[in-house]
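For reference, the chains in residue letters:
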Amino acid sequence: MPRTIRLAHSPDSDDAFMFYALAEGKVDTEGLKYVHELQDIETLNQRALRGELDVTAVSIHAYAYLTQQYALLPHGASFGDGYGPRLVARTQMDHADVRGKRVAVPGPLTTAYLTLKLYEPNFTAVNTRFDEIEDAVVRGDVDLGLLIHEGQLTYAARGLHLVADMGEWWRRETGLPLPLGGNVVNKALDSATIAAVSRHLRASIAYSLGHRKPALDYAMQYARGLDRPLADAFVGMYVNDWTLDYGERGREAVRSLLRCGVERGIIPHAVTVEFVE
């Protein structure tokens, strides 16, 4: 198997934990060389739309627009099992208060945005880089903010109030975990290379779960101010058994979320979900 594989993911602690073994040479990559590229998830969504990457993390929402060129790998998903992106405000609000408000969101292709549209379709989205959303809410630039990544654990320390947890709401509505992100592989790669990439990614996740301390040591450089116990908690939220394999329930969660997006007119076309087996 030839070639260098361009592997892209977000610069946050859970993705760093997941890819630690690949980045640090702990996995036998069978001759493949992985070059890691780190960018925020909405940037990766947009780059995947242009077909620029071999393997990349993407939002499950974005995958709805990528099915011609990319397939979902069975490993590397981030699920919120009763928790997920958190909608916060400077003052206490309920669901009805969200209608018509200005909400800072981490990008129109993020699953956070899709889920918020399912929860409350009537709001004005203000696209904001994910790590600037808390500040935008605190300053009063927007009425509410939709937090992903570590912000889900730090908002209370900034004096912000939880309005709704999208993963909790989704599980109440459907009984399913919320599939936030996954890893996709470019279908232009040959089948042997795709199979190898799938093996290597699973091996990296399994290695990190089995060697938690060094993997967390590595991930701490991307923890954006979280202390180690909080970083460990955050990693545990999004790198777990779901990450090793979606399983049938996880696959159904992906199909259900995208189907709801289509039925509500948020996604303009039917989506056929393709997993690498």
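Residues numbered from 1 in each chain as written. Predicted model: local features only at pLDDT ≥ 70, side-chain atom pairs only at ≥ 80, totals over all residues. Heavy atoms only, no water.

**Let's talk about the nonpolar core**
Generally speaking, nonpolar side chains in soluble globular proteins are found buried as a group. Counting residues in hydrophobic clusters, the biggest one holds 59 residues, and the most contacted among them are Leu72, Leu87, Leu116, Tyr246, Val254 and Leu258. At six residues, helix H5 (residues 111–119) tops the list of elements feeding residues into this core. If sequence neighbours within four positions are ignored, tyrosine 246 has contacts with Ile60, Leu72, Leu73, Pro74, His75, Ala77, Phe79, Gly181, Gly182, Arg251, Val254 and Phe275. Residues Leu7, Val55, Ala71 and Leu189 belong to the second largest nonpolar core, which totals 31 residues. (Core = buried A, V, L, I, M, F, W, Y, C linked by side-chain atoms within 4.5 Å. Buried < 20%, exposed > 50% of the residue type's maximum accessible area, 1.4 Å probe, protein only. Helix = DSSP H or I, 4+ residues; strand = E, 2+ residues; numbered from the N terminus. Contact = heavy atoms within 4.5 Å.)

**Things to note about helix H1 (residues 13–23)**
The element H1 is largely enclosed, with a buried count of ten among its eleven residues. Listing the buried residues of H1 in full gives Ser13, Asp14, Asp15, Ala16, Phe17, Met18, Phe19, Tyr20, Ala21 and Leu22. Where H1 ends, the next residue or the one after it, glycine 25, has phi of about 70°, a positive value.

**A closer look at the side chain of aspartate 12**
With respect to the secondary-structure elements, aspartate 12 resides in the loop between strand E1 (4–9) and H1. Aspartate 12 has contacts with His149, Glu150, Tyr222 and Arg224, leaving out every residue within four places of it along the chain.

**Some points on helix H2 (residues 41–49)**
All buried positions along H2 are accounted for by Ile41, Glu42, Leu44, Asn45, Arg47 and Ala48. Buried positions along H2 lie against E1, strand E2 (33–38), strand E3 (55–59), helix H3 (60–63) and strand E4 (70–72). With a side-chain oxygen lying 3.2 Å from the backbone nitrogen of glutamate 42, the N-terminal cap of H2 falls on aspartate 40. Trailing H2 by a residue or two, glycine 51 shows a phi angle of about 70°, which is positive. (Polar contact = N/O pair within 3.5 Å; in protein donor to acceptor, adjacent residues only side chain to side chain.)

**Observations concerning the pairing of strand E8 (residues 124–127)**
Sheet analysis places strand E7 (residues 102–105) next to E8, joined by four bridges and oriented parallel. Residue pairing in the sheet places arginine 102 in a bridge with threonine 124 of E8. (Pairing = 2+ DSSP bridges.)

**Regarding the packing of H1 against helix H9 (residues 191–210)**
Contact geometry of H1 with H9 gives a least axis separation of 7 Å together with a crossing angle of 110°. Between H1 and H9, the angle falls in the class roughly perpendicular. Residues Phe17, Met18, Phe19, Tyr20, Ala21 and Leu22 of H1 lie in contact with H9, whose contacting residues are His200, Leu201, Ser204, Ile205, Tyr207, Ser208 and Leu209. Residue classes in the contact of H1 with H9 are distributed as ten nonpolar, three polar and no charged. (Axes fitted to C-alpha atoms, helices over the stretch in contact; angles between N-to-C directions. Parallel < 35°, antiparallel > 145°, perpendicular 65-115°, else oblique. Nonpolar A, V, L, I, M, F, W, Y, C, P; charged D, E, K, R; others polar.)

**Here we look at the packing of H5 against helix H8 (residues 166–174)**
Axis separation between H5 and H8 bottoms out at 10 Å; the angle between their running directions is 55°. Taken together, the axes of H5 and H8 are oblique relative to one another. Where H5 crosses over H8, the two elements pack in a sense that is left-handed. Contact with H5, carried on its side by Thr115, Leu116, Leu118 and Tyr119, involves Met166, Trp169 and Trp170 of H8 and no other residues of that element. Residues that form the contact of H5 with H8 fall into these classes: six nonpolar, one polar and no charged. (Left-handed = near helix turned anticlockwise from the far one by under 90°.)

**Points about the pairing of E3**
Note on strand geometry: in a regular strand, side chains alternate between the two faces of the sheet. In terms of burial, E3 is a largely internal element, five of the five residues being buried. The pairing of E1 with E3 spans two bridges and is parallel. Counted as the bridge partner of leucine 7 is valine 55 from E3. Here E3 pairs with strand E11 (residues 178–186) via five bridges, running antiparallel. Bridge assignment links alanine 57 to a residue of E11, and that residue is asparagine 183.

**Focus: the environment of arginine 129**
Structurally, the position occupied by arginine 129 is in the loop between E8 and helix H6 (133–139). It is 26 Å that separates the C-alpha atoms of arginine 129 and alanine 215, two residues lying 86 residues apart in sequence. Polar contacts involving the side chain of arginine 129 include one to the side chain of aspartate 40, which spans 3.4 Å.

**A few points about the environment of tyrosine 65**
Structurally, tyrosine 65 is set in the loop between H3 and E4. A C-alpha to C-alpha distance of 9.0 Å links tyrosine 65 and histidine 269, two positions 204 residues apart in sequence. Not counting residues within four places of it along the chain, the set of residues in contact with tyrosine 65 comprises Leu49, Leu109, Ile266, Ile267, Pro268 and His269.

**Structural notes on the packing of aromatic side chains**
Applying the stated criterion across every chain yields a total of ten aromatic pairs. Arranged with centres 6.2 Å apart and planes meeting at 40°, the rings of tyrosine 20 and tyrosine 207 form a pair that is tilted. Here tyrosine 20 is found in helix H1, whereas its partner tyrosine 207 is found in helix H9, with 187 residues between them in sequence. Taking relative accessible area as the criterion, tyrosine 207 reaches 23% and is therefore assigned partly exposed. Pairing phenylalanine 79 with tyrosine 246 gives two aromatic rings, centres 5.6 Å apart and planes at 80°, and the pair type is edge-to-face. With a gap of 167 residues between them, phenylalanine 79 in strand E5 (residues 78–80) and tyrosine 246 in the loop between helix H12 (241–244) and helix H13 (247–263) connect regions that are remote in the sequence. With a relative accessible area of 1%, phenylalanine 79 lands in the buried category. (Phe/Tyr/Trp six-rings, centres within 6.5 Å; stacked < 30°, edge-to-face > 60°.)

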